[in-house]
Structures are given as C-alpha cells and as structure tokens.
Amino acid sequence: MKRTLFVRWIPFLAIALWPLTPPSAAPRCYPTSRFVDLTDGFVRDTLTNLVWQQDGAGTRTGCSGSGSLTCTWAEAQTYCKGQGSGFRLPTVKELRSIADFTLALPGPTINQAAFPSTPPETFWTSSPYASLSGNAWYVSFAYGFSYYDVVSTNYRVRCVR
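Residues numbered from 1 in each chain as written. Predicted model: local features only at pLDDT ≥ 70, side-chain atom pairs only at ≥ 80, totals over all residues. Heavy atoms only, no water.

Caption draft 1: A look at the state of the cysteines. By the definition in use, this model includes two disulfides. The disulfide partner of C63 is C71, and the gap between their sulfur atoms is 1.8 Å. Given an S-S torsion of about 80°, the disulfide between C63 and C71 has right-handed geometry. Two residues, C80 and C159, share a disulfide whose sulfurs are 2.1 Å apart. Handedness here is read from the sign of the S-S torsion; for C80 and C159, about -85°, the answer is left-handed. Within this pair, whereas C80 is found in helix α2 (residues 73–81), its partner C159 is found in the segment after β6 (146–150), the two being separated by 79 residues in sequence. Looking at the protein chain, its bonded cysteines, counted consecutively from the start of the sequence, adopt the pairing 1-2, 3-4. (Disulfide = S-S within 2.5 Å. Helix = DSSP H or I, 4+ residues; strand = E, 2+ residues; numbered from the N terminus.)

Written as structure tokens, this is what we have:
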C-alpha cells in the first residue's frame, strides 16, 4: 500500500521539479562598461566606486622581487601607502571583484581594456589568512581564484582607493 502511494506521486514530483525553461548560459554578473578610464593611470569601477591602479605589470619601488616587479606582502602594503591619496592594498573581496570569469582560461581573467598589460599572475591582497599566522590571501588572474600563501613570497601588486 505505501509503495503504491509513493509510485503515484512520482509523476507529480517530476513535473513540479522539471525546469520550466531550458537552462541557458550564465549571464554576465556585471556590465562590460563598468570601468571608466580616468586618463591618469587609474580606472574607476562604477559598481563599487573604487579607483584602481591600471598598471599591474610595472616595477614597484621598494619591492625585492625579480626586477622590482613583485613584492612581499609587507612591501606591497608599503608600496600602496606610498602612492598617496588614500591608496592601499585591496582586500581579497575587492580584488576578486575585478576578476572576469567570462574570459577564456588560463587568463588573464581581467578586463584588458581597463587593465592593459595585466599578466595572468598572482596579486597580493591586504587580507591576512586568519587560520594560519604569517599567511595572506592573494588573487590569481590566471584563473581568477583566491588562495593564501606565506607573506614572504613575492607577488604582483595593484593598489586601490
């Protein structure tokens, strides 16, 4: 009796759970025109109102990485503060907000019109990794993911205000 009752409900459940429209490609979560070039080496994100340093490939004063292109976590923070006008190293959430997951992998997974010459490499964030002292979060623009590493590692830097 119980089995018969359950079997009777299967067609109704199937209809209720069946999608009414066929699945489609995921829409962009933001407009392609969200970045405004400020013509002074910076770009404004109109969704977050953050101002970003456009160049992610250039040398960084005071950084010890290969050819002064990359910095330790402490050097990255000092470099951004040295840019003046409220610049700082972005949080992991802020830096991930400019990753573009609609682009082909491996990246760079970032809008190349707004951020020209950005290499598909790893960039530091200001966010420490709470579970492991001496580690901090980074964002990889090769695939757009974030993870953590030892703060003495040399990665690229992009500042924000």
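Still to come is the rest of the account.
Caption draft 2: Geometry of the packing of aromatic side chains. Applying the stated criterion across every chain yields a total of ten aromatic pairs. Judged by centre distance (6.0 Å) and plane angle (75°), the rings of W137 and Y148 are edge-to-face. Taken together, the residues W137 in strand β5 (residues 135–140) and Y148 in strand β6 connect sequence positions eleven residues apart. Residue W137 is classed as partly exposed on the basis of its relative accessible area of 23%. When its relative accessible area of 21% is taken as the criterion, Y148 is described as partly exposed. With centroids separated by 6.4 Å and ring planes inclined at 65°, the aromatic side chains of Y138 and F145 adopt a geometry described as edge-to-face. What makes Y138 buried here is its relative accessible area of 10%. Since its relative accessible area comes to 37%, F145 is described here as partly exposed. One aromatic cluster in this structure is built from W124, Y138, F145 and Y155. Between R161 and the ring centre of F42, over which it is positioned, the NZ or CZ distance is 5.5 Å. (Phe/Tyr/Trp six-rings, centres within 6.5 Å; stacked < 30°, edge-to-face > 60°. Buried < 20%, exposed > 50% of the residue type's maximum accessible area, 1.4 Å probe, protein only. Lys NZ or Arg CZ within 6 Å of the ring centre and 35° of its normal.)

Caption draft 3: Region of interest: α2. Here α2 has its buried residues at W73, E75, A76, Y79 and C80. For α2, the angular spread of buried residues about the axis comes to 160°, placing them on one side. In this structure, α2 carries T78 and K81 as exposed residues pointing more than 90 degrees from its buried face. Against the buried residues of α2 lie β3 (51–53), β4 (122–128) and β5. (Arc of directions from axis to C-beta. Contact = heavy atoms within 4.5 Å.)

Caption draft 4: Quick look at the pairing of β4. β4 sits mainly inside the fold: five of its seven residues count as buried. In sequence, β4 turns back onto β5 through a hairpin of six residues, with G134 there showing a positive phi of about 85°. (Pairing = 2+ DSSP bridges.)

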